[in-house]
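# Notes for the structure review
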Amino acid sequence: MRQPSAPLDAAKEAQKLINSNASIRQALSSPDAQQILKVLQSKDAARLQAAAQSALKGDSRALSGILGELAKNSDANKAMERLNHIMNKQ
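Let me begin by describing the structure that accompanies this report. All values derive from a computational prediction rather than experimental measurement.

### Quick word on the overall build of the chain
- Helix and strand counts for the chain come out as five helices and zero strands.
- The N-to-C order of helical and strand elements in the chain reads α-α-α-α-α.
- Across the 90 residues in the chain, those meeting the buried criterion constitute 16%.
- Considering only residue pairs separated by 6 or more positions, the chain has 60% of its internal contacts joining residues 24 or more positions apart.
- Total accessible area on the chain stands at roughly 6900 Å², and carbon and sulfur atoms take up 56% of it.

### What to know about the side chain of D32
- Along the polypeptide, D32 turns up in helix α2 (residues 31-42).
- Once residues lying within four places of it in the same chain are set aside, the contact partners of D32 are A79, R82 and L83.

### A short note on the packing of helix α3 (residues 45-56) against helix α4 (residues 61-71)
- Put simply, α3 and α4 touch, their axes get as near as 7 Å, and they point 130 degrees apart. Viewed along their axes, α3 and α4 adopt a mutual orientation that is oblique. Along the contact surface, α3 presents R47, L48, A51 and A55, while α4 presents A62, L63, I66 and E69.
- For the contact of α3 with α4, a count of residues per class yields six nonpolar, no polar and two charged.

### Observations concerning the pattern of salt bridges
- Scanning the entire structure with this criterion turns up three salt bridges.
- Linking R47 and E69 is a salt bridge whose minimum nitrogen-to-oxygen distance equals 2.6 Å. Of this pair, R47 sits in helix α3 while E69 sits in helix α4, placing them 22 residues apart in sequence.
- Residue class for E69 comes out partly exposed when judged on its relative accessible area of 31%.
- Among the ionic pairs, R61 bridges to D59, the shortest N-O distance being 2.8 Å.
- Note on R61: relative accessible area 66%, which makes it exposed.
- When its relative accessible area of 28% is taken as the criterion, D59 is described as partly exposed.

Criteria and thresholds
- Residues numbered from 1 in each chain as written.
- Predicted model: local features only at pLDDT ≥ 70, side-chain atom pairs only at ≥ 80, totals over all residues.
- Heavy atoms only, no water.
- Helix = DSSP H or I, 4+ residues; strand = E, 2+ residues; numbered from the N terminus.
- Buried < 20%, exposed > 50% of the residue type's maximum accessible area, 1.4 Å probe, protein only.
- Contact = heavy atoms within 4.5 Å.
- Areas by Shrake-Rupley, 256 points an atom, 1.4 Å probe, with all protein chains shown as cover.
- Axes fitted to C-alpha atoms, helices over the stretch in contact; angles between N-to-C directions.
- Parallel < 35°, antiparallel > 145°, perpendicular 65-115°, else oblique.
- Nonpolar A, V, L, I, M, F, W, Y, C, P; charged D, E, K, R; others polar.
- Salt bridge = Lys/Arg side-chain N within 4 Å of Asp/Glu carboxyl O.

From the geometry alone we can't say anything about function, so treat these as descriptive.
Here it is in structure tokens:
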């Protein structure tokens, strides 16, 4: 049995990444994502920005707290579940 070549494997991985990025862009432009963003924007923008900055530095506790609050909003929670389902199918 012949081993796949490294360039072929790299090309396959690159295609997976391209497809994944396209899926992410599609999901982010979906009505569900827009609904989630609308709810997030209604919250304290400075707090959300600070939480995102902390998450980028490796501390996701504040962002997790905001997402937990978001999950308490029934419409936003349903939208997050639909997005999660879509992203897990990829």
